[in-house]
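Fold and contact review
So you can see what is in the structure, the chains are spelled out below.
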Amino acid sequence: MAAAQASGGAVAVMVLCDISAGERAWGYSRFLFGRFMLPRVPGLRFFKVLGAGYESGFGLRPSASRQGFFGVFDDDASADRFINGSALMQGYRAHSREFFAVKLRVFSSRGSWSGMSFPVTDSEPEAGPIAALTRASIRPALARAFWKQAPLTQRSLEGAAGCLFAAGVGEAPLLRQATFTMWESVAHMDAYARSGAHLEAIKAAKLNNYFSESMFVRFVPYDAQGVWLERAYG
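Presented here is an overview of the structure given in this document. On a predicted model such as this, the values are computed, not experimentally measured, just so you know.

**Remarks on the overall build of the protein**
Check the secondary structure of the protein and you find six helices and nine strands. Counting across all 234 residues of the protein, residues that qualify as buried make up 50%. Of all intrachain contacts in the protein linking residues separated by at least 6 positions in sequence, the fraction that spans at least 24 positions is 77%. Accessible surface computed for the protein: about 11,100 Å², of which carbon and sulfur atoms make up 55%.

Here's what the structure looks like:
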């Protein structure tokens, strides 16, 4: 999709789903071909159809059932129409064991994704939950070195205080990866980001220039709905 620049009223949407056991063929077809439905969605500026790691993890093994979608919309109304009325989302709801969707407004952003940057559209919350999206295009020659660090980072995230959940997603195996997390507060996210294996991974990425493109965005999440990892939202 052509690069663009989101503006003040933009609303991001993250969708995660776990396809039911008997519907895996349908889910695989949506992962391959669902993107061709999306350029016609009114108000959709930017989108990525995402695969997921096994058990929502961050290793090399892909999940056979979990998928994701990330998009940026003109406004709340177009985001709501997509989440609640689009053929793609209705299909995911009907064929999934779990379906989760959340709207997001950016309060901190750096970097880009396929040439698109996400400027701030909200202020940092004084209290309450936040969400974060970290994504990177890994240089092929450095992929092996990068993935050696992934298990340590995942284990530190699984035990991080205040982490509501984490999902490893991506556009393509090995080289185009992303992590979506939700946290109880900014303070919890900061405490994790500035310590342990995650901090060492950040230092290594800068030192070794692992990424040809990267982005880190923090959001104010709102209007969450559905079920993810057996927890109900909304």
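**Brief notes about the side chain of Ser65**
Considering the arrangement of structural elements, one finds Ser65 in strand β3 (residues 62-73). A polar side-chain atom of Ser65 sits 2.7 Å from a polar atom in the side chain of Asp18.

**Side note on the pattern of salt bridges**
Here the structure, examined in full by the defined rule, presents 12 salt bridges. The salt bridge involving Asp80 is made with Lys103; its shortest N-O contact spans 2.9 Å. Residue Asp80 is found in helix α2 (residues 76-85), and its partner Lys103 is found in strand β4 (residues 96-111); the two are separated by 23 residues along the sequence. What makes Asp80 partly exposed here is its relative accessible area of 29%. The partner of Asp190 in a salt bridge is Arg218, and the shortest N-O contact between them spans 2.7 Å. Of the two residues, Asp190 sits in helix α5 (residues 186-193) while Arg218 sits in strand β8 (residues 211-228), which places them 28 residues apart along the sequence. Across the pair, exposure class does not vary: Asp190 and Arg218 are buried alike. Several salt bridges converge on common partners, so that one network encompasses Asp76, Asp80, Lys103, Arg105 and Asp223.

**Some remarks on a nonpolar patch on the surface**
Taken together, the side chains of Tyr28, Leu32, Phe33 and Phe36 present a nonpolar region at the surface, about 450 Å² in accessible area. If you trace the backbone, Leu32 turns up in helix α1 (residues 24-33).

Rules and cut-offs
Residue numbers restart at each chain and count upward from 1, following the sequence in its written direction. Where totals are concerned, whole chains, interfaces and linings use all residues; where local detail is concerned, this predicted model gives features only for residues with pLDDT of at least 70, and gives and counts side-chain atom pairs only at 80 or more. With hydrogens and water set aside, each side-chain value is computed from the structure's full complement of heavy atoms. Here a strand is any run of E in DSSP of at least two residues, a helix any run of H or I of at least four, and the numbering for each starts at the N terminus. Burial here depends on accessible area, computed with a 1.4 Å probe over protein chains only, as a share of the maximum for the residue type. Under 20% is buried, over 50% is exposed, and the range in between is partly exposed. Contacts are assigned to residue pairs with any non-hydrogen atoms lying within 4.5 Å of each other. Areas reported here follow the Shrake-Rupley algorithm with a probe of radius 1.4 Å; residue values treat only the protein chains shown as occluding. Polar contact criterion, stated in full: a pair of N or O atoms within 3.5 Å, where within protein one must be able to donate a hydrogen and the other to accept it, and residues adjacent in sequence count only if both atoms are side-chain atoms. Salt bridges are defined by distance alone: a side-chain nitrogen of Lys or Arg within 4 Å of a carboxyl oxygen of Asp or Glu. The patches described consist of residues with a relative accessible area above 30% and no salt bridge, like charges being joined within 9 Å and nonpolar side chains (Val, Leu, Ile, Met, Phe, Trp, Tyr) within 5 Å.

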